[in-house]
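Chain residues, written in single-letter form:
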Amino acid sequence: WALQGGGFMNVWPTHYMRIHVEGLRGATSESGIVVNSGIDFVAHPNKWNLSVGPRYSWGDARFNGTYFGVNRAEVLASPFIANPFHAGSGSHTAGIEAMAEYKWMPRWRLTMNAGYNRIIGNDANSPIVRQLGSVDQFSVGAGLRFMLQD
């Protein structure tokens, strides 16, 4: 596992569009930097907040190397990977995400999300992806959120 810290910014150019950018730096098992971004089209029917939009992620060489690089020691230890792989900085993923949030009670929200990301750039050529995984990544999630202010 990895602990990351960073910051984010949301800009609402209209009531129905949100632009999101976040930068994260690894603090434990990796010290790289990753930048995630997205543009959401948002609707607010009744007690719901609904959003959908594209996503893009970029990682520096340390971040990409931690998750997609293979060094000589790892090659020797792996029965599956024959050659080292250097994952440099660059595009990491591109995809789409959808989210639904229900205003359950004052200050309480139920959230559900689903997404698809494709590993792109040099990371897609990693033997970890090509031989042991997939460039196609799917995610689903659900949560309960408490708002300090409604």
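Residues numbered from 1 in each chain as written. Predicted model: local features only at pLDDT ≥ 70, side-chain atom pairs only at ≥ 80, totals over all residues. Heavy atoms only, no water.

Let's talk about a nonpolar patch on the surface
On the surface, M9, V11, I19, V21, I33, V35, I39, F41, V52, Y56, W58 and I96 cluster together to form a nonpolar patch covering roughly 920 Å² of accessible area. When residues of the nonpolar patch are traced back to their parent elements, those giving at least two are β1 (4-14), β2 (17-26), β3 (33-43) and β4 (48-59). The dominant element in the nonpolar patch, judged by the number of residues it contributes, is β3, at 4 residues. Within the element layout of this structure, I33 appears in strand β3. (Patch = residues over 30% accessible without salt bridge, like charges linked within 9 Å, V, L, I, M, F, W, Y side chains within 5 Å. Areas by Shrake-Rupley, 256 points an atom, 1.4 Å probe, with all protein chains shown as cover. Salt bridge = Lys/Arg side-chain N within 4 Å of Asp/Glu carboxyl O. Helix = DSSP H or I, 4+ residues; strand = E, 2+ residues; numbered from the N terminus.)

Observations regarding the packing of aromatic side chains
Counted under the stated rule, the structure contains 4 aromatic pairs. For the ring pair F63 and Y67, a centre distance of 5.0 Å and an interplane angle of 55° mean the geometry is tilted. Here F63 and its partner Y67 are both found in helix α1 (residues 61-68), 4 residues apart, which amounts to about one turn of the helix. Accessibility expressed as a relative area gives 7% for F63, which makes it buried. Judged by relative accessible area, which is 35%, Y67 ranks as partly exposed. (Phe/Tyr/Trp six-rings, centres within 6.5 Å; stacked < 30°, edge-to-face > 60°. Buried < 20%, exposed > 50% of the residue type's maximum accessible area, 1.4 Å probe, protein only.)

Observations concerning the pairing of β3
Sheet analysis places β2 next to β3, joined by 9 bridges and oriented antiparallel. Of the residues in β3, the one forming a bridge with R18 is D40. The antiparallel hairpin formed by β2 and β3 contains 6 residues in its connecting segment. As consecutive antiparallel partners, β3 and β4 are separated by 4 residues, and within that stretch N46 has a phi angle of approximately 50°, a positive value. (Pairing = 2+ DSSP bridges.)

Considering α1
Those residues of α1 not exposed but buried are F63, N64 and F68. Considered in projection along α1, the buried side chains sweep an arc of 95° and stay on one side of the axis. The secondary structure elements touched by the buried residues of α1 are β1, β3, β4, β5 (90-105), β6 (108-119) and α3 (127-132). N-capping of α1 is provided by D60, with a side-chain oxygen placed 3.2 Å from the backbone N of R62. (Arc of directions from axis to C-beta. Contact = heavy atoms within 4.5 Å. Polar contact = N/O pair within 3.5 Å; in protein donor to acceptor, adjacent residues only side chain to side chain.)

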